[in-house]
Amino acid sequence: MVSIRPDEISAILKQQIADYDKSVSVSNVGSVLQVGDGIARVYGLEQVMAGELIQFEDGTEGIALNLEDDNVGAVLMGEGLGIQEGSTVKATGKIAAVPVGDAMLGRVVNSLGQPIDGKGPIATTETRLIESMAPGIIQRKSVHEPMQTGITAIDAMIPIGRGQRELIIGDRQTGKTAIAIDTILNQKGEEVVCVYVAIGQKSASVANVVEVLRERGALEYTVVVAASASEAAAMQYLAPYTGAAIAESFMYKGKATLVVYDDLTKQAQAYRQMSLLLRRPPGREAYPGDVFYCHSRLLERAAKLSDAMGKGSMTALPIIETQAGDVSAYIPTNVISITDGQVFLSSDLFNSGLRPAINVGISVSRVGGAAQTKAIKKIAGTLKLELAQFDELAAFSQFASDLDAATQAQLGRGKRLRELLKQSQFSPLNLAEQVAVVYAGVKGLIDDIPVDQVTQFARELRDYLKTSKPDFINKVMTEKQLGDEAEATLKEAISEVKASILAAA
């Protein structure tokens, strides 16, 4: 017979009392009242925060946006086909965050930072909140370093600096994305991290962009965030903030970054769709009242950080699509007022064969010469003025029968300058090539070359400088200015190329 000793029992009880853990877990749970059109109304999530991630029974995630008296309006981040009325919803206690870090480079991700390129998971432990405060006044520095786009017309007349927000605006099919992609391609070797955000585009278009970047070796320093047209409105709305968060993580590490939002018109439309379904009061053009804040809090995150903050920068190139060139519509005027200038692309110029189809009259950079190198500032000063005067004269000359010699000379110069600024897609030029081309036009050194041979002259001049005068290119690229010696070399090269073209003609 086994004898039970009271002291043993009391020892065991004491041990169990000592080890007793009285932590209580409270989870914030609710139930679905109604679901449909990418929106769910949930009852019972009393403690939920605005913008908090919530999880449905079938694993679908959502974001709590409308916190009303008796229910919570949430947008679904996925199909949500398994969600039914009465199914449970759990608050996660987390605000949406995305993975960031060097492992993101070369990858294509969705709005939640999950890979969609078939290359497996992203090996990073760093995360960053999708929404975060823009740097304050003290943390910033004025824009002073150039962000070369490789497009002569922009770098010479509408310069973009690191930390600037330059809007690319125009009708559909006028080459807006092409300018943004050229700028990304031109950052090769510049140690700039690029983020391309595709919002509401065809999946085929995004695949083409990724392929162009891969072929030209630009994907290794680029992250592509894609929320295609087939995805939920919430995903299209979040995509730009995800792109900004990924770029910000590099900016705060002291790196220069470039973010392209292609395009914010589609993001505003996705936000309008979400807001109307959430029964928020509509404003002008049925957009909600806070659509301006939606874009301003995004674009204000672009900055050039002060020396104390590590000198990093984030340059934003938002893209806006206009209808029939109407820049006075609601979303275009909003974004124009937030950004530091705009590059306006005209469908008339595009159809007349001028590529890139930049309308010099409406385009402007509010940072101006501060973002230009000395080399191009020295020679491009009169370029914008001459082209503007040419546009005016060209309109006037259509009605005039006989023009005096000075007017004819000015018209001839304008036509040649226009030809010089033509540039084929995916072929950005370096600083030295731009300086050479603009110098030849502005100084009137090609006024005697027939207009239809100007493009050929520009191409041959660039090739000649690369092969026969590499010292000129190295000198301009390193010193960033056009000294007397380099100028003499350039004049000599221009006269030699010009002689060969005129002899052939």
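If you're wondering where the values come from, they're calculated on a predicted model, not measured in any experiment. Along each chain, residue indices are assigned from 1 in the same order as the chain's sequence is written. Since the coordinates come from a predicted model, pLDDT governs what is reported: local features require at least 70, and pairs of side-chain atoms require 80 or more to be given and counted, while whole-chain, interface and lining totals use all residues. To obtain the side-chain values, all non-hydrogen atoms of the structure were included, while hydrogens and water were left out.

## Looking at helix α13 (residues 431–442)
Here is step 1: Helix numbering and strand numbering both begin at the N terminus, where a helix is a DSSP run of H or I of at least 4 residues and a strand a DSSP run of E of at least 2. The span you would expect from a helix comes to 1.5 Å times its residue count less one. For α13, built from 12 residues, the straight-helix expectation of 16 Å at 1.5 Å per residue is met to within 8% by its first-to-last C-alpha distance of 16 Å.
Here is step 2: In terms of burial, α13 is largely enclosed, as 12 of its 12 residues are buried.
Here is step 3: When α13 is considered as a whole, its buried residues turn out to be Leu431, Ala432, Glu433, Gln434, Val435, Ala436, Val437, Val438, Tyr439, Ala440, Gly441 and Val442.
Here is step 4: Measuring from the side-chain oxygen of the N-cap residue of α13 to the backbone nitrogen of alanine 432 gives 3.2 Å; that N-cap residue is asparagine 430.
Here is step 5: Looking one or two residues beyond α13, the residue adopting positive phi is glycine 444, at roughly 75 degrees. A 1.4 Å probe rolled over the protein chains alone gives each residue an accessible area, and that area as a share of the maximum for its type sets the label: buried under 20%, exposed over 50%, partly exposed in between. Contacts described as polar in this section are N or O atom pairs within 3.5 Å, which, within protein, must combine one atom able to donate a hydrogen with one able to accept it, while residues neighboring in sequence count only if both atoms come from side chains.

## Thoughts on helix α7 (residues 291–299)
Here is step 1: With 7 of 9 residues buried, α7 is to be regarded as a mostly interior element.
Here is step 2: Listed as buried for α7 are Val291, Cys294, His295, Ser296, Arg297, Leu298 and Leu299.
Here is step 3: If you follow the buried residues of α7, they end up packed against α5 (233–251), β13 (256–262), α6 (264–277), β14 (313–321) and α8 (330–338). Contacts are assigned to residue pairs with any non-hydrogen atoms lying within 4.5 Å of each other.

## A short note on the environment of serine 363
Here is step 1: Within the secondary structure, serine 363 sits in the loop between α9 (347–351) and β16 (364–365).
Here is step 2: Distance in space between the C-alpha atoms of serine 363 and phenylalanine 250 is 30 Å, their sequence separation being 113 residues.
Here is step 3: Every residue in contact with serine 363, bar those within four places of it in the chain, is listed here: Ile158, Gln342, Val343, Phe344, Ile358 and Lys384.
Here is step 4: A polar atom in the side chain of serine 363 sits 2.8 Å from the backbone nitrogen of phenylalanine 344.
Here is step 5: Only 2.7 Å separates the side chain of serine 363 from the backbone oxygen of asparagine 359, close enough to count as a polar contact.

## Regarding empty space enclosed by the protein
Leftover empty space is mapped by rolling, across the atoms, a probe with the size of a water molecule.
Here is step 1: Here a cavity means grid points, on a 1 Å grid over the protein atoms only, where a 1.4 Å probe fits yet cannot get out; a pocket means an open set of points with protein on both sides within 12 Å along at least five of seven lines; lining residues are those with an atom within 4 Å of a point. Grid points are joined across faces, edges and corners, and a volume is the space filled by probe spheres set on the points. One pass over the full model with this rule turns up 2 cavities of 30 Å³ or more.
Here is step 2: Counted as a void, the largest cavity has a volume near 40 Å³.
Here is step 3: If you go around the largest cavity, the residues you meet are Pro146, Met147, Gln148, Asp155, Pro159, Ile160, Ala371, Gln372, Thr373 and Ile376.
Here is step 4: Each residue receives one of three labels: charged for Asp, Glu, Lys and Arg, nonpolar for Ala, Val, Leu, Ile, Met, Phe, Trp, Tyr, Cys and Pro, and polar for the others, Gly being one of them. Here the lining of the largest cavity is composed, by residue class, of 6 nonpolar, 3 polar and 1 charged.
Here is step 5: Here the second largest cavity is characterised by a volume of approximately 30 Å³.
Here is step 6: If you go around the second largest cavity, the residues you meet are Leu383, Leu417, Leu420, Leu421, Val437 and Val438.
Here is step 7: Of all elements in the fold, only α12 (405–420) and α13 reach the threshold of two or more residues within the lining of the second largest cavity.
Here is step 8: In terms of residue class, the lining of the second largest cavity is built from 6 nonpolar, no polar and no charged.

## A look at the packing of aromatic side chains
Here is step 1: The criterion for an aromatic pair is that two Phe, Tyr or Trp rings (for Trp, the six-membered ring) have centres within 6.5 Å, with stacked assigned to planes under 30 degrees apart, edge-to-face to planes over 60 apart and tilted to the rest. Under the criterion given, the structure shown has 3 aromatic pairs.
Here is step 2: For the pair tyrosine 237 and tyrosine 241, a centre-to-centre distance of 5.5 Å together with 65 degrees between the ring planes defines the contact as edge-to-face. Pair noted here: tyrosine 237 and tyrosine 241 are both in helix α5, with a separation of 4 residues, about one helical turn. Grouping residues by exposure puts tyrosine 237 and tyrosine 241 together as buried.
Here is step 3: Consider the rings of tyrosine 287 and tyrosine 330, whose centres lie 5.8 Å apart with planes at 55 degrees: the pair is tilted. Within this pair, whereas tyrosine 287 is found in the loop between α6 and α7, its partner tyrosine 330 is found in helix α8, the two being separated by 43 residues in sequence.
Here is step 4: Here tyrosine 330 falls in the buried class, since its relative accessible area comes to 13%.
Here is step 5: Through successive ring pairs, a cluster of aromatic residues spans Tyr237, Tyr241 and Tyr271.

## Observations concerning the pattern of salt bridges
Here is step 1: Just to be clear on terms, a salt bridge is a Lys or Arg side-chain nitrogen sitting within 4 Å of an Asp or Glu carboxyl oxygen. In total, this model carries 24 salt bridges according to the counting rule given.
Here is step 2: A salt bridge links lysine 255 to aspartate 102, with the nearest nitrogen and oxygen atoms 3.7 Å apart. In this pair, lysine 255 is assigned in the loop between α5 and β13 and aspartate 102 in the loop between β7 (97–99) and β8 (108–109), connecting sequence segments 153 residues apart.
Here is step 3: According to the relative accessible area criterion, lysine 255 is partly exposed, its value standing at 34%.

## Details of the layout of surface pockets
Here is step 1: When its volume is computed, the largest pocket comes out at roughly 970 Å³.
Here is step 2: Surrounding the largest pocket, 34 residues form its lining, Gln173, Gly175, Lys176, Thr177 and Ala178 being those nearest its centre.
Here is step 3: At the level of elements, α3 (176–185), α4 (203–215) and α6 are the ones that each hand at least two residues to the lining of the largest pocket.
Here is step 4: The element contributing the most residues to the lining of the largest pocket is α3, with 6 residues.
Here is step 5: Partitioned by chemical class, the residues of the lining of the largest pocket number 11 nonpolar, 14 polar and 9 charged.
Here is step 6: The space that makes up the second largest pocket amounts to roughly 450 Å³.
Here is step 7: Lining the second largest pocket are 19 residues, and of these Gly51, Glu131, Tyr237, Tyr293 and Arg297 lie nearest its centre.

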